[in-house]
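Here's the letter readout for the chains.
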Amino acid sequence: MENYAREYDLPPEDEAWRLAAAQFAGAVLAPLVRDADREGRFSHDVVGRLGAAGLIDPAGASLLARCLIAEEIGAVDGSTRGFLAVQAGLVLAPIKTFAPAALREAWADRLAAGTAIGACALTEPEAGSDLGGMRTTIRADGEDVVIDGQKVWITNGGVADVLLVFGQTDAALRTRGLECYLVPSDTPGITREPMPGKELGHRASDHAQLRFEGVRVPRANRIGEACKGFDVAMHGLEDGRLNVAAGALGIHRACLQASIAFARSRRQFGKRIGDFQQVGATLADMDTELRAARLLVHHAARLQDRGLDNAHAVSAAKLYATEAALKAATNAIQLHGSRAYSDELPLERHWRDVIALTIYEGTSNIQRVILARSLLGKDQGKSDGGN
Ligand SMILES: Cc1cc2nc3c(=O)[nH]c(=O)nc-3n(C[C@H](O)[C@H](O)[C@H](O)COP(=O)(O)OP(=O)(O)OC[C@H]3O[C@@H](n4cnc5c(N)ncnc54)[C@H](O)[C@@H]3O)c2cc1C
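Residues numbered from 1 in each chain as written. Predicted model: local features only at pLDDT ≥ 70, side-chain atom pairs only at ≥ 80, totals over all residues. Heavy atoms only, no water.

Enquirer: Describe the overall build of the protein, listing the residues and the values that go with them.
Expert: Each helix and strand in the protein was counted, giving 12 helices and nine strands. Against the compact-globule benchmark of 21 Å for 387 residues, the protein has a radius of gyration of 21 Å, which places it among compact chains. In terms of overall dimensions, the protein has a C-alpha envelope of 80 × 55 × 45 Å along the principal axes. Taking all 387 residues of the protein together, the buried fraction comes to 50%. Restricting to contacts in the protein with at least 6 residues of sequence separation, those with at least 24 account for 76%. If you sum the accessible surface of the protein, you get close to 17600 Å²; carbon and sulfur atoms cover 52% of it. For the protein, the distance from the average site of its 44 positive side-chain charges to the average site of its 49 negative ones is 4 Å. (Helix = DSSP H or I, 4+ residues; strand = E, 2+ residues; numbered from the N terminus. Rg over C-alpha atoms; globule rule 2.2 N^0.38 Å. Buried < 20%, exposed > 50% of the residue type's maximum accessible area, 1.4 Å probe, protein only. Contact = heavy atoms within 4.5 Å. Areas by Shrake-Rupley, 256 points an atom, 1.4 Å probe, with all protein chains shown as cover. Lys, Arg positive; Asp, Glu negative; His and termini not counted. Charge placed at Lys NZ, Arg CZ, Asp CG, Glu CD.)

The following block contains the structure:
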């Protein structure tokens, strides 16, 4: 991008955050990223340095600035960008918005500084997209609640100091029965294990399965109101989803820039491969789709920065930006031929990482469900007993 700030009309304070994140990504992440991916190594040091640089909870930053940070980090290191989406979007944002003062004071600053790590436990073996189908139970017992159940694919789950755990107070109520509790990870009754198997991507992230057996926490640890856990989840997911969409821009951009450079330098049949029409057209599509995705992400961020509802715009941005980035990563590998087929280049890592962006924080299909519902509204004429 020749002049990002001018082309996308960024205010100077947002541009300053973007440059700070780009500097961090280049200086701290780039030298580590390939080995961390190869070795599947989560780095506490990187978390502390992200916090010290103010990038976990950028003080006074607009949502647009936070998207720019995610794009810059995402362009270099998908695992660290994924960490950021969870720590800032799924954990810190709900704590700052919904937690009682005592819990906020105990955890918010530490999470922002990267001296504590958070995880958000929604997904279960039998309940992924269908949050109302959760089987983890939350039972009141005097001044406490008791949590029993199992969670899977929890990012940071094995390294977190604090967990936001969602469960069901009454299965018949589905999403209207969900509650969320803040649970320190050393609470008795919690078992944490790495997810079985080696992940396709995000290999420098920590992914755990968690078991809760008679886990007791004070009722005062509830995040949000009674039976309003679904609202807490949606609040966190909207924040996290836009971070994911912005991270996809980073991957898309990295794939495009590498492809342009290669198409200029690689010669076959006596000319630059970029001068073959099919190759040039692929680059043109990659560039156009990146610009479209970026405008969707910026639009969704700017709506919220202006105090307007952005739920529809966030889903549209997440759907389009992640699918476009997946296509761009596939095209970049094709365009580089055999040399992209090993981790000498970062392209195969981008491709492995980007697939998860179309799955977590609501799959592409689920974004389409949200968008279609928002477009159609409630069926006012429903009177035939259908459901
Ligand atoms: C790298 C990674 C990190 C993750 N981190 C976390 C985390 O930190 N915390 C957490 O709680 N979870 C996390 N997850 C889990 C993730 O949120 C879920 O995988 C996701 O919500 C989808 O659930 P599922 O995998 O059970 O798929 P399912 O819900 O079983 O879906 C399977 C398929 O059916 C489709 N489908 C389902 N319902 C519908 C519908 N109504 N209409 C159309 N299609 C539908 C889906 O789109 C999908 O293609 C992570 C996952 C990955 C891969």
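Picking up where we left off.
Enquirer: Describe the pairing of strand β3 (residues 144-155), naming the residues involved and giving the relevant values.
Expert: Bridge count between strand β2 (residues 137-141) and β3: five bridges; the pairing is antiparallel. Bridged to Ala 140 within β3 is Val 145. Where β2 folds back on β3, the antiparallel hairpin that results is connected by two residues, among which Gly 142 adopts a positive phi of roughly 65°. In the sheet, β3 pairs with strand β7 (residues 207-218) via nine bridges, with the strands oriented antiparallel. Pairing of Gly 149 across the sheet is with Phe 212, part of β7. (Pairing = 2+ DSSP bridges.)

Enquirer: I'd love a proper account of the side chain of Thr 155, names of residues and values included.
Expert: Its place among the elements puts Thr 155 in strand β3. Residue contacts for Thr 155: discarding those within four places in its chain leaves Val 86, Ala 119, Asp 206 and His 207.

Enquirer: Could you give an account of the site of the ligand, naming the residues involved and the relevant values?
Expert: The immediate surroundings of the ligand are formed by 16 residues, with Thr 123, Ser 129, Trp 153, Thr 155 and Thr 363 found nearest. Residue Cys 120 places a main-chain N or O atom 2.9 Å away from a nitrogen atom belonging to the ligand. A distance of 3.1 Å separates a nitrogen atom of the ligand from a polar side-chain atom of Asn 365. Contact with the protein chains covers 63% of the free accessible surface of the ligand, which is 970 Å². Taken together, the elements giving at least two residues each to the shell around the ligand come down to β3 and α12 (364-376). (Near = heavy atom within 4 Å. Polar contact = N/O pair within 3.5 Å; in protein donor to acceptor, adjacent residues only side chain to side chain.)

Enquirer: So what's going on with the packing of helix α2 (residues 12-29) against helix α4 (residues 44-52)? Residues and values would help.
Expert: In a pair of packed helices, the angle between the axes and the distance between the axes together describe the arrangement. At a closest axis distance of 12 Å, the pairing of α2 and α4 adopts a crossing angle of 155°. Accordingly, the angle class assigned to the pair α2 and α4 is roughly antiparallel. Considering only the axes of α2 and α4, their crossing is right-handed. In contact with Phe 24, Val 28 and Leu 29 of α2, α4 contributes Val 46, Arg 49 and Leu 50. Among the residues making up the contact of α2 with α4, the classes are represented as five nonpolar, no polar and one charged. (Axes fitted to C-alpha atoms, helices over the stretch in contact; angles between N-to-C directions. Parallel < 35°, antiparallel > 145°, perpendicular 65-115°, else oblique. Left-handed = near helix turned anticlockwise from the far one by under 90°. Nonpolar A, V, L, I, M, F, W, Y, C, P; charged D, E, K, R; others polar.)

Enquirer: Which residues make up unusual backbone geometry, and what values go with them?
Expert: Phi is positive for Asp 9, which is not a glycine, with a value near 55°. Of note, Arg 174 is a non-glycine position whose phi angle comes to about 45°, a positive value. Relative to the assigned elements, Arg 174 resides in the loop between β4 (162-168) and β5 (178-184).

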